[in-house]
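Remarks on the overall topology
Residues per chain are reported as follows:
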Amino acid sequence: EAGVAQSPRYKIIEKRQSVAFWCNPISGHATLYWYQQILGQGPKLLIQFQNNGVVDDSQLPKDRFSAERLKGVDSTLKIQPAKLEDSAVYLCASSHRASGRVEQYFGPGTRLTVT
Amino acid sequence: AQSVTQPDIHITVSEGASLELRCNYSYGATPYLFWYVQSPGQGLQLLLKYFSGDTLVQGIKGFEAEFKRSQSSFNLRKPSVHWSDAAEYFCAVAPGYSSASKIIFGSGTRLSIRP
């Protein structure tokens with residue numbers, strides 16, 4: 001079974017530029033999550049999708065961050081414009097909640113550096 | 001609100017020695033509990049999980065964890081560590097009462113192995 005795929009793995013941009021990250025979850029997983037992991041901290045949930053609907057985006061900075069999952073499969077997270085404090089690893093995860101299994105499976109992450 | 005505390009930021013143990021990583025949670029009922037491991041530059045990998053039943057759970061890579069309701073703890077243990085166990089370890093909790101529940105991660109414990 002293929003795992004969660006993310007791209008790019010690394011990205012360096014200047015502040016005020018825009019950037020987009022892509023995630024393809026495990027096949028059949030209806031729930032998709034985006035996390036932000038700042039160096040030295042645990043992952044923090046940004047947004048959760050159930051199929052193509054948003055379940056929780058309470059911690060997403062909506063003035064600059066946006067995410068979509070149009071067909072209920074892969075997802076894109078965008079930052080526009082980026083700030084220095086957005087430097088972090090962005091992790092995508094998926095789970096098969098329809099089966100009652102809540103454990104999440106993570107992709108390798110995208111390391112973003114904003115200069 | 002639910003929370004997770006990992007009191008040890010960094011632990012160093014000798015190869016072959018036993019290991020215990022501490023995790024305390026705050027939640028009114030019995031939550032779903034997880035331990036994840038993150039190697040440098042990698043995403044998070046699920047080591048083990050507790051939902052209900054036997055309070056001693058076995059995971060991958062020789063790890064186990066014990067749920068103690070009276071102490072609100074879910075400590076991770078391994079009888080003999082290997083150099084490849086050097087990584088960041090995250091304890092996590094989820095209410096599990098609905099499909100919209102989200103996982104809250106602790107801040108992590110970095111494990112170093114002394115040759």
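This write-up is about the structure you can find in this document. What you see is a predicted model, and the numbers here were worked out from it, not measured in a lab. (Residues numbered from 1 in each chain as written. Chains lettered and ligands numbered in written order. Predicted model: local features only at pLDDT ≥ 70, side-chain atom pairs only at ≥ 80, totals over all residues. Heavy atoms only, no water.)

**Section: the packing of aromatic side chains**
Residue and element names in this part refer to chain B. Rules: Pairing of aromatic rings covers Phe, Tyr and Trp, the last through its six-membered ring, and needs centres within 6.5 Å; plane angles under 30 degrees mean stacked, over 60 mean edge-to-face, and all others mean tilted. Secondary structure is summarised from DSSP: a helix means a run of H or I of at least four residues, a strand means a run of E of at least two, and numbering begins at the N terminus for each.
Throughout the structure, instances matching the rule amount to 15 aromatic pairs over all chains. Between the aromatic rings of Tyr50 and Phe67, the centroid separation amounts to 4.7 Å while the plane-to-plane angle is 25°, which identifies the pairing as stacked. Residue Tyr50 is found in strand β6 (residues 44–50), and its partner Phe67 is found in strand β8 (residues 64–68); the two are separated by 17 residues along the sequence. Both rings, one in Phe63 and one in Tyr89, keep their centres 5.6 Å apart while their planes meet at 45°; by these two values the pair is tilted.

**What to know about the interface of chain B and chain A**
The cut-off we apply is this: Should any heavy atoms of two residues lie within 4.5 Å, those residues are counted as being in contact. Summed over both partners, the accessible surface that disappears when two parts come together, traced with a 1.4 Å probe, is what is meant by buried area. One speaks of a salt bridge when a side-chain nitrogen belonging to Lys or Arg is within 4 Å of a carboxyl oxygen belonging to Asp or Glu. N or O atoms within 3.5 Å of each other form a polar contact, as long as, within protein, one can give a hydrogen and the other can take it, and as long as residues adjacent in sequence are counted only when both atoms are side-chain atoms.
Chain B puts 21 residues into the contact, and the matching count from chain A is 21 residues. In total, about 1,600 Å² of surface goes out of reach between chain B and chain A, with carbon and sulfur atoms giving 53% of it. In this assembly, chain B and chain A are joined by one salt bridge. Between Glu103(A) and Lys49(B) there is a salt bridge whose closest N-O contact spans 3.5 Å. For the interface between chain B and chain A, the tally reads three residue pairs in polar contact (both at pLDDT 80 or more). Ranked by residue count, the leading element in the side of chain B that touches chain A is strand β5 (residues 32–38) of chain B, at four residues.

**Concerning the sheet that holds strand β1 (residues 5–7) of chain A**
Residue and element names in this part refer to chain A. For clarity, the cut-off: Pairing between two strands requires that DSSP report at least two bridges joining them. Here, axes are lines fitted to C-alpha atoms. For helices the fit covers the stretch in contact, and angles between N-to-C directions go from 0 to 180 degrees.
Strand order across the open sheet formed by four strands is β1-β3-β8-β7, with antiparallel pairing between neighbours. At either end of the open sheet lies a strand with only one pairing partner, and these are β1 and β7 (65–68). Within this sheet the neighbouring strands show an average axis-to-axis angle of 15°, counted without direction.

**A word on unusual backbone geometry**
Residue and element names in this part refer to chain A. Note the following rule: Partly exposed describes any residue whose relative accessible area lies between the buried limit of under 20% and the exposed limit of over 50%, with all areas from a 1.4 Å probe on protein chains only and scaled to the type maximum.
Cis geometry is adopted by the peptide bond preceding Pro8, which originates at Ser7 and carries an omega value of -10°. By the secondary structure assignment, Pro8 is in the loop between β1 and β2 (10–13). One non-glycine residue, Arg16, lies in positive phi territory at about 80°. Following the sequence through the fold, Arg16 ends up in the loop between β2 and β3 (19–24). Assessed through its relative accessible area of 64%, Arg16 is described here as exposed. Even without glycine at this site, Asn51 takes up a positive phi of about 55°. Turning to its location among the elements, Asn51 is positioned in the loop between β5 (44–50) and β6 (53–56). What makes Asn51 partly exposed here is its relative accessible area of 40%.

**Observations regarding the state of the cysteines**
As a reminder, the rule being used: We call a pair of cysteine sulfur atoms a disulfide when they lie within 2.5 Å.
In this structure the tally under the stated criterion is two disulfides over all chains. The partner cysteine of Cys23(A) in its disulfide is Cys92(A), sulfur to sulfur 1.9 Å. On the sign convention where negative means left-handed, the S-S torsion of about -70° between Cys23(A) and Cys92(A) marks this disulfide as left-handed. With Cys23(A) in strand β3 and Cys92(A) in strand β9 (residues 88–95), this pair connects stretches of sequence that are 69 residues apart. Exposure class is identical for Cys23(A) and Cys92(A). Each is buried. Each disulfide pairs two cysteine sulfurs, and for Cys23(B) the partner residue is Cys91(B), the sulfurs being separated by 1.9 Å. Since a negative S-S torsion denotes a left-handed disulfide, the Cys23(B)-Cys91(B) link at about -65° is left-handed. Taken together, the residues Cys23(B) in the loop between β3 (19–21) and β4 (24–26) and Cys91(B) in strand β10 (residues 87–94) connect sequence positions 68 residues apart.

**Examining the environment of Gly3(A)**
Residues and elements named next belong to chain A. Looking at the secondary structure, you find Gly3 in the segment before β1. For the pair Gly3 and Pro108, spaced 105 residues apart in the sequence, the C-alpha separation amounts to 9.4 Å. Ignoring anything within four residues of it in the chain, the contact list for Gly3 reads Asn24 and Ile26.

**Some words on the nonpolar core**
Operational definition: Only buried residues count toward a nonpolar core. Its members are Ala, Val, Leu, Ile, Met, Phe, Trp, Tyr and Cys residues joined through side-chain atoms within 4.5 Å.
Ranked by size, the top nonpolar core spans 26 residues in total, and within it Leu19(B), Trp35(B), Leu47(B), Leu48(B), Phe74(B), Leu76(B) and Tyr89(B) carry the most contacts. Residue assignment for this core shows that the elements contributing at least two residues are β2 (10–14), β3, β5, β6, β8, β9 (73–78), β10 and β12 (109–114) of chain B. By residue number, the principal contributor to this core is β10(B), which donates four residues. Excluding residues within four positions of it along the chain, Phe74(B) makes contact with Cys23(B), Leu33(B), Phe34(B), Trp35(B), Leu48(B), Tyr50(B), Val57(B), Ala65(B), Glu66(B) and Phe67(B). Val19(A), Ile26(A), Trp34(A) and Leu112(A) belong to the second-largest nonpolar core, a separate cluster that totals 21 residues.

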